[in-house]
Amino acid sequence: MRRRSFLLGAATAAVAGTAGYYRSRIVETTPEVHYPGMQAGHALRDGASWPQPSAAYKHEVVILGSGVAGLSCAWKLAREGHTDFLVVQGPELAGNAAAGQRDGLDYPLGAHYLPLPSLASTHVREMLADFGIIERGANEARPYYDESALAHSPQERLLRGGQWEENLLPMSGLPEEDLAQHRKFLALVGRLHTQTGSDGRKVFCIPLTLSSRDPAWRALDAITFKQWLEREGYTSPALHWYLNYCCRDDYGAQYDVVSAWAGLHYFASRDGHAANAGEGAVLTWPGGLSTLLQRMREAITSKLGHANWLAPGTVVRLQETPAGPLVTCLALSAEPAAYTVQARRAVCAMPLFVAQRILPDIRGYGYDPAVHAPPHAPWMVSNFVMDGYPAEAPGEPLSWDNVVYQGKALGYVVSTHQLLRVARSPRSVFTAYHALSGQAPQAAREWLARASPQELRTEAASDLVAAYGEDFWRHARQLEITVRGHAMASPLCGYLSNPGLTALRDVDGPVLFAHADLSGYSVFEEASWWGVVAAGRILGQKPPA
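Residues numbered from 1 in each chain as written. Predicted model: local features only at pLDDT ≥ 70, side-chain atom pairs only at ≥ 80, totals over all residues. Heavy atoms only, no water.

- Where an unreviewed UniProt entry is consulted, the protein appears under the name Amine oxidase domain-containing protein, with the organism given as Achromobacter insolitus.

### Brief notes about the side chain of H372
Phase 1: Note on placement: H372 falls in helix α13 (residues 369–372).
Phase 2: Using a relative accessible area of 12% as the deciding quantity, one classes H372 as buried. (Helix = DSSP H or I, 4+ residues; strand = E, 2+ residues; numbered from the N terminus. Buried < 20%, exposed > 50% of the residue type's maximum accessible area, 1.4 Å probe, protein only.)

### Thoughts on the environment of P336
Phase 1: Among the structural elements, P336 can be located in the loop between β14 (324–331) and β15 (337–348).
Phase 2: Look at P336 and you get partly exposed, because its relative accessible area is 43%.
Phase 3: Between the C-alpha atom of P336 and that of G65, which follows or precedes it by 271 residues, the distance is 19 Å.
Phase 4: Residues contacting P336, with those up to four places away along its chain left out, are P51, L330 and A331. (Contact = heavy atoms within 4.5 Å.)

### Things to note about the side chain of R160
Phase 1: Checked against the element boundaries, R160 lands in strand β9 (residues 156–160).
Phase 2: Reaching out from R160, the side chain makes a polar contact with the side chain of E165 at a distance of 3.0 Å.
Phase 3: Those residues in contact with R160, other than ones at most four positions away along the chain, are E165, P170, M171, S172, L174 and Y405. (Polar contact = N/O pair within 3.5 Å; in protein donor to acceptor, adjacent residues only side chain to side chain.)

### Here we look at the pattern of salt bridges
Phase 1: Considering all chains together, one arrives at 22 salt bridges under this definition.
Phase 2: When the shortest N-O distance is used, the salt bridge between R344 and E60 registers 2.6 Å. Of this pair, R344 sits in strand β15 while E60 sits in strand β2 (residues 53–64); the two residues are 284 residues apart in sequence, bridging distant segments of the chain.
Phase 3: Owing to a relative accessible area of 31%, E60 belongs among the partly exposed residues under this scheme. (Salt bridge = Lys/Arg side-chain N within 4 Å of Asp/Glu carboxyl O.)

### Observations regarding the environment of M488
Phase 1: Structurally, M488 can be placed in strand β20 (residues 476–489).
Phase 2: For M488 and Y251, which are 237 residues apart along the polypeptide, the C-alpha to C-alpha distance reads 7.1 Å.

### Side note on the pairing of strand β13 (residues 314–321)
Phase 1: As paired elements, β13 and β14 share 7 bridges and run antiparallel to each other. Bridge pairing in β14 links T321 to G324.
Phase 2: Hairpin connection from β13 to β14: 2 residues lie between these consecutive antiparallel strands. (Pairing = 2+ DSSP bridges.)

### Details of the packing of aromatic side chains
Phase 1: Applying the stated rule across the entire model yields 25 aromatic pairs.
Phase 2: Judged by centre distance (4.8 Å) and plane angle (65°), the rings of W241 and Y405 are edge-to-face. Linking W241 in helix α9 (residues 237–251) with Y405 in the loop between β17 (401–404) and β18 (412–414), this pair joins segments that are 164 residues apart in sequence. Y405 matches W241 in its accessibility class, with the two residues each being buried.
Phase 3: Ring centres 6.4 Å apart and planes at 75° place the aromatic pair W529 and W530 in the edge-to-face group. The pair formed by W529 and W530 is uniform in burial state, with each residue classed as buried.
Phase 4: Ring pairs connect the aromatic residues F185, F225, W228, Y234, Y242, Y251, Y266, F267 and Y521, which therefore count as one cluster.
Phase 5: Its end group placed over the ring of W164, R157 keeps NZ or CZ at 3.6 Å from the ring centre.
Phase 6: The ring centre of Y405 lies 5.8 Å from the NZ or CZ of R160, which sits over that ring. (Phe/Tyr/Trp six-rings, centres within 6.5 Å; stacked < 30°, edge-to-face > 60°. Lys NZ or Arg CZ within 6 Å of the ring centre and 35° of its normal.)

### Details of the packing of helix α14 (residues 441–450) against helix α15 (residues 453–460)
The description of two packed helices rests on the angle between their axes and on the distance between the axes.
Phase 1: One can describe the packing of α14 onto α15 by two numbers: an axis separation of 8 Å at closest approach and a directional angle of 125°. Taken together, the axes of α14 and α15 lie oblique to each other. Of the residues in α15, those in contact with W447, L448 and R450 of α14 are E455, L456 and E459.
Phase 2: Of the residues in the contact of α14 with α15, the class split is 3 nonpolar, no polar and 3 charged. (Axes fitted to C-alpha atoms, helices over the stretch in contact; angles between N-to-C directions. Parallel < 35°, antiparallel > 145°, perpendicular 65-115°, else oblique. Nonpolar A, V, L, I, M, F, W, Y, C, P; charged D, E, K, R; others polar.)

### Brief notes about the sheet that holds β9
Phase 1: The mixed open sheet is built from 8 strands, whose spatial order is β1-β20-β16-β19-β18-β17-β9-β10. Edge positions in the sheet fall to β1 (32–34) and β10 (163–166), since each has one partner strand and no second. Geometrically, the sheet is characterised by an average inter-axis angle of 20° between neighbouring strands, direction not taken into account.
Phase 2: Direction of pairing for strand β16 (residues 376–387) relative to strand β19 (residues 427–435): antiparallel, over a ladder of 9 bridges. Along β19, the bridge assignment pairs D387 with R427.
Phase 3: Across the sheet, α9 lies against β9, β16, β17, β19 and β20, angled at about 125° from β17, the strand it touches most.
Phase 4: Strands β1, β16, β19 and β20 of the sheet are contacted by α15, whose axis makes an angle of about 85° with β16.

### So, the pairing of β20
Phase 1: The buried fraction of β20 is high, at 10 of 14 residues.
Phase 2: Strand direction decides the pairing type here: β16 and β20, joined by 10 bridges, are antiparallel. Looking across to β20, one finds that F384 is bridged to L479.

Laid out in structure tokens, this is it:
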């Protein structure tokens with residue numbers, strides 16, 4: 001462990017005065033480790049007993065979960081004038097889009113950016129216009145965005161060979177054969193942005209359900225992304241590393257298990273543009289996507305005229321009764337208390353591995369967890385509060401997104417990058433992302449559950465130490481680690497034809513389902529889509545076919 005050996009003074013060749021100076025600059029950081037939802041999830045899994053309900057409520061609609069899908073559903077209902085609904089928060093407000101704050105510094109605890117939405121993602125564009133993030137032209141090819149929400153330059157860099165390079169796809173110093181393959185792949189992606197299938201639909205679209213069903217293209221779901229690359233003659237190690245990194249970053253799994261259709265979808269589905277930003281721009285905030293969730297909350301409260309639509313508690317049981325869905329919730333406090341909500345419609349806006357625990361028989365909806373459950377990738381999101389900045393390697397300056405070539409983790413983002421200042425903020429937060437994709441998900445979860453805070457700290461800092469060496473620890477003052485054992489569904493081969501997911505997408509009865517799991521992978525556009533679709537069904541609106 002590099003940090004430990006340094007603290008023990010293993011570098012005996014250093015002069016005593018210098019070693020003493022370095023030790024005086026290092027603050028021993030014991031991480032705070034959080035496992036959001038784990039306690040409640042394990043209690044559901046293990047069949048824990050609950051107190052008898054002491055209160056009962058009635059609403060037309062109850063939405064179970066306050067993540068992107070749940071709040072998107074509530075936003076749509078409120079926007080359309082439907083006011084009688086209740087959102088049961090769940091174990092973590094905002095879910096994977098949550099944020100933290102220390103000493104006035106915001107930072108993400110999960111998702112941290114949103115690509116510019118394509119024209120097909122009308123639901124996202126409507127939201128962004130409602131929140132003032134799209135200032136004009138929401139229905140045009142190039143809307144005008146709030147400048148403060150667009151990721152500022154420099155946006156991304158890659159540490160390779162001891163030097164920071166611009167962009168994440170390695171290009172510098174590579175053989176011409178490799179560069180030719182890079183150009184070939186990028187050209188293919190450019191064509192796929194507008195490629196249509198035999199049914200006239202875009203082959204790769206967000207939301208996923210609007211993509212072409214052409215069997216010739218869907219056949220890509222039967223092989224892995226790595227197999228497809230090899231079949232197409234892509235051999236460049238740098239290109240393979242980059243595409244594997246992208247799968248780990250977006251899906252939490254490596255490209256040798258991710259569906260080839262999903263691997264291409266990552267690049268070809270998003271074709272959003274802006275009137276006031278360059279190609280590939282993204283939207284981000286110091287606290288990541290929590291800003292969007294906060295805007296949703298504010299919009300809902302404004303429409304309803306009160307904030308009582310959001311209730312604390314975690315759902316522990318959902319039963320269908322002649323009067324409609326009956327939900328039992330547990331308010332987690334010093335003295336846990338249970339309450340019930342009787343509703344006409346219920347929206348399960350939670351991961352499917354949780355939904356299967358609260359429904360007596362989810363198989364009745366056409367979904368068998370033993371057969372249809374998508375694999376979920378475990379993640380660590382680690383926030384290092386920095387007092388000043390460590391010395392940089394030569395090359396590109398500190399950027400919003402910083403990635404280490406062949407690094408163990410997924411690099412780190414800088415929370416203060418979006419702050420509009422003349423000079424760099426004296427303090428910052430470096431948010432390190434780590435998808436534990438190098439081992440099977442269950443094995444990774446078991447390690448996360450038993451690892452000590454010190455072991456988690458070593459894992460969390462792997463890319464940062466690779467980038468800065470010992471100097472990193474002279475500036476890191478606090479560390480908060482968020483462990484998400486089931487952070488996101490991963491689109492492995494066959495996920496497009498998963499009959500269980502298809503069945504849940506089509507459910508239109510007293511109980512509805514709304515979560516990114518229905519798409520087989522976790523991004524804002526998909527989660528919000530299913531929330532909006534569920535709201536539309538409640539309002540009697542037919543979803544796009």
